[in-house]
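Each chain is listed here by its residues.
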Amino acid sequence: MLGIAADGALILYFLFALFPVVWMVILSLKPANELFSTYFSFTPTLDSYRTVLGAGQDEGVPFVRFFLNSLVVSLGAVGLSLVIGLPAAYAAARWRFRGSENLMFTLLSFRFAPELTVIIPLFVLYQQLGLFDTYVGMIWVLQLVTLPLIVWIMRSYFADLSPELEQAALLDGYTRKQAFFRVALPLVKPGIAAVSLLAFIFAWNNFVFPLILTSSEAQTVTVGALSFLGGDRPKYNLTAAAALVSVIPPLILALTIQRYLVRGLSFGAVKS
């Protein structure tokens, strides 16, 4: 009886947690004339998705461009962070020196620090350097979000590798660089897949930086979806459709690397 009650409680909690998503789907399928009805009985329509994707009535919001902008800046930020972060994580795992832990904690503090504390100086600098509302500017600022995450998590993966593997490669004539690329990196592929997905999600979902540091050309979906709420009558159905469309890339990426993700999240994740 106790097991049945526990299962029932878990199912109820699952339904409770899933209800906001279900409500978003319902809202995105509602026609405009039934938008403010709370009844579940309505005639579903895909007009909201057609409008969001540019195939329906013009709402003056280029959401498809915002969607592509998010792909470019998120992938760019993750790629840049991997190029910088993987060697940094390897070095942090293999070489310890006085103050190394303080240095790592300082790097991690960039991830913990509220974005609002640095947004004004960044805004001024971006205006002066010509980086405001550009892809380069957004990629550079989003890697401040993704780089600390990659370095901290990947350090644990590299620390779990036995140093004897690289020492054997060095005895075989490999350089330290070759040992890193040919021995260490292939062994942590599951970790790279897992941390890349997490970093992509953080970059994709970021709201404050695109809100302040872009206006139109490099604006992302997190800010662009709210454009449907402007005007005299907010279009909640379009906002819901835009939000659901914006979930597609992280979902596809998670399904694509699923076999690496499960192993990656468990391998090396508890080692400090």
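The structure displayed is predicted, hence computed values, not measured ones.

Asker: Help me understand the packing of aromatic side chains, please; the structure alone is not making it clear to me.
Answerer: The relation between two aromatic rings is expressed through the spacing of the ring centres and the mutual angle of the planes. One pass over the structure, following the stated rule, counts 10 aromatic pairs. When the ring of Phe 67 is compared with that of Trp 204, the centres are 5.6 Å apart and the planes differ by 80 degrees; the resulting orientation is edge-to-face. Residue Phe 67 is found in helix α3 (residues 63-94), and its partner Trp 204 is found in helix α9 (residues 189-205); the two are separated by 137 residues along the sequence. Trp 204 matches Phe 67 in its accessibility class, with the two residues each being buried. Ring geometry for Phe 123 and Phe 132: centres 5.7 Å apart, planes at 85 degrees, overall edge-to-face. Owing to a relative accessible area of 29%, Phe 123 belongs among the partly exposed residues under this scheme.

Asker: Can you help me understand the packing of helix α7 (residues 163-171) against helix α8 (residues 176-187) in this one?
Answerer: To describe two helices that pack against each other, one gives the angle between their axes and the distance between the axes. Running from N to C, α7 and α8 cross one another at 140 degrees; their axes reach a closest spacing of 9 Å. Taken together, the axes of α7 and α8 are oblique relative to one another. The way α7 lies across α8 gives a crossing that is right-handed. Of the residues in α8, those touching α7 at Leu 165, Glu 166, Ala 169 and Leu 170 are Arg 176, Ala 179, Val 183 and Leu 187.

Asker: Teacher, can you tell me more about the nonpolar core here?
Answerer: The tendency in soluble globular proteins is for nonpolar side chains to be buried as a group. By size, the foremost hydrophobic cluster in this structure holds 34 residues, and its most contacted members are Phe 63, Met 154, Phe 158 and Val 188. Those elements that place two or more of their residues in this core are α2 (47-52), α3, α6 (135-160), α8, α9 and α12 (236-246). At 9 residues, the largest contribution of residues to this core is made by α3. Here Phe 158 is in contact with Leu 86, Ala 89, Tyr 90, Ala 93, Arg 94, Phe 180, Ala 184, Leu 185 and Val 188, once residues within four sequence places are set aside. Counting residues in each nonpolar core, the second largest holds 14 residues, with Ala 77, Val 141, Val 145 and Ala 218 among its members.

Asker: When you look at the side chain of Ser 74 in this model, what are you seeing that I'm missing?
Answerer: With respect to the helices and strands, the residue Ser 74 is situated in helix α3. By relative accessible area, Ser 74 is classed as buried at 1%. A polar side-chain atom of Ser 74 sits 2.8 Å from the main-chain carbonyl oxygen of Ser 70. Residues in contact with Ser 74, not counting those within four places in the same chain, are Phe 200, Ala 203 and Trp 204.

Asker: Teacher, can you tell me more about the UniProt feature "transmembrane region" (unreviewed entry) in the protein here?
Answerer: Under the present numbering, the feature "transmembrane region" (unreviewed entry) in UniProt falls on residues 9-29, 66-91, 103-126, 138-158, 179-204 and 236-257. With 100% helix and 0% strand, residues 9-29 has end C-alpha atoms that lie 30 Å from one another. Taken end to end, residues 138-158 comprises 100% helix and 0% strand; its first and last C-alpha atoms sit 29 Å apart.

Asker: Mind showing me how you'd approach the environment of Phe 181 here?
Answerer: Following the sequence through the fold, Phe 181 ends up in helix α8. A relative accessible area of 47% means that Phe 181 is categorised as partly exposed. In sequence terms Phe 181 and Pro 87 are 94 residues apart; their C-alpha atoms lie 9.6 Å from each other.

Asker: Sorry if this is basic, but what is going on with the confidence of the model for the protein here?
Answerer: With 91% of its residues at a pLDDT of 70 or more, the protein shows a mean pLDDT of 84. Helix α14 (residues 258-266) is the least confidently modelled element of the protein, averaging 61 in pLDDT, while helix α10 (residues 208-213) averages 93, the highest of any element. Long-range and interchain partners of residues 268-272, a stretch whose pLDDT sits below 50, account for 7 contacts in this model, where long-range means more than four residues apart.

Asker: Looking at this structure, I do not really get the pattern of salt bridges. What am I missing?
Answerer: Where charged atoms of side chains with opposite charge meet at close range, the side chains can pair. In total, this model carries 3 salt bridges according to the counting rule given. With its nearest N and O atoms 2.8 Å apart, the salt bridge here joins Arg 50 to Asp 47. Placement of both Arg 50 and Asp 47 in helix α2 is noted, with a separation of 3 residues, approximately one turn of the helix. By relative accessible area, which is 40% here, Arg 50 ends up partly exposed. Several salt bridges converge on common partners, so that one network encompasses Arg 94, Glu 166 and Arg 176.

Calculation notes
- Residues numbered from 1 in each chain as written.
- Predicted model: local features only at pLDDT ≥ 70, side-chain atom pairs only at ≥ 80, totals over all residues.
- Heavy atoms only, no water.
- Phe/Tyr/Trp six-rings, centres within 6.5 Å; stacked < 30°, edge-to-face > 60°.
- Helix = DSSP H or I, 4+ residues; strand = E, 2+ residues; numbered from the N terminus.
- Buried < 20%, exposed > 50% of the residue type's maximum accessible area, 1.4 Å probe, protein only.
- Axes fitted to C-alpha atoms, helices over the stretch in contact; angles between N-to-C directions.
- Parallel < 35°, antiparallel > 145°, perpendicular 65-115°, else oblique.
- Left-handed = near helix turned anticlockwise from the far one by under 90°.
- Contact = heavy atoms within 4.5 Å.
- Core = buried A, V, L, I, M, F, W, Y, C linked by side-chain atoms within 4.5 Å.
- Polar contact = N/O pair within 3.5 Å; in protein donor to acceptor, adjacent residues only side chain to side chain.
- UniProt positions renumbered as here; feature names shortened; annotations may be inferred.
- pLDDT = per-residue confidence, 0-100.
- Salt bridge = Lys/Arg side-chain N within 4 Å of Asp/Glu carboxyl O.

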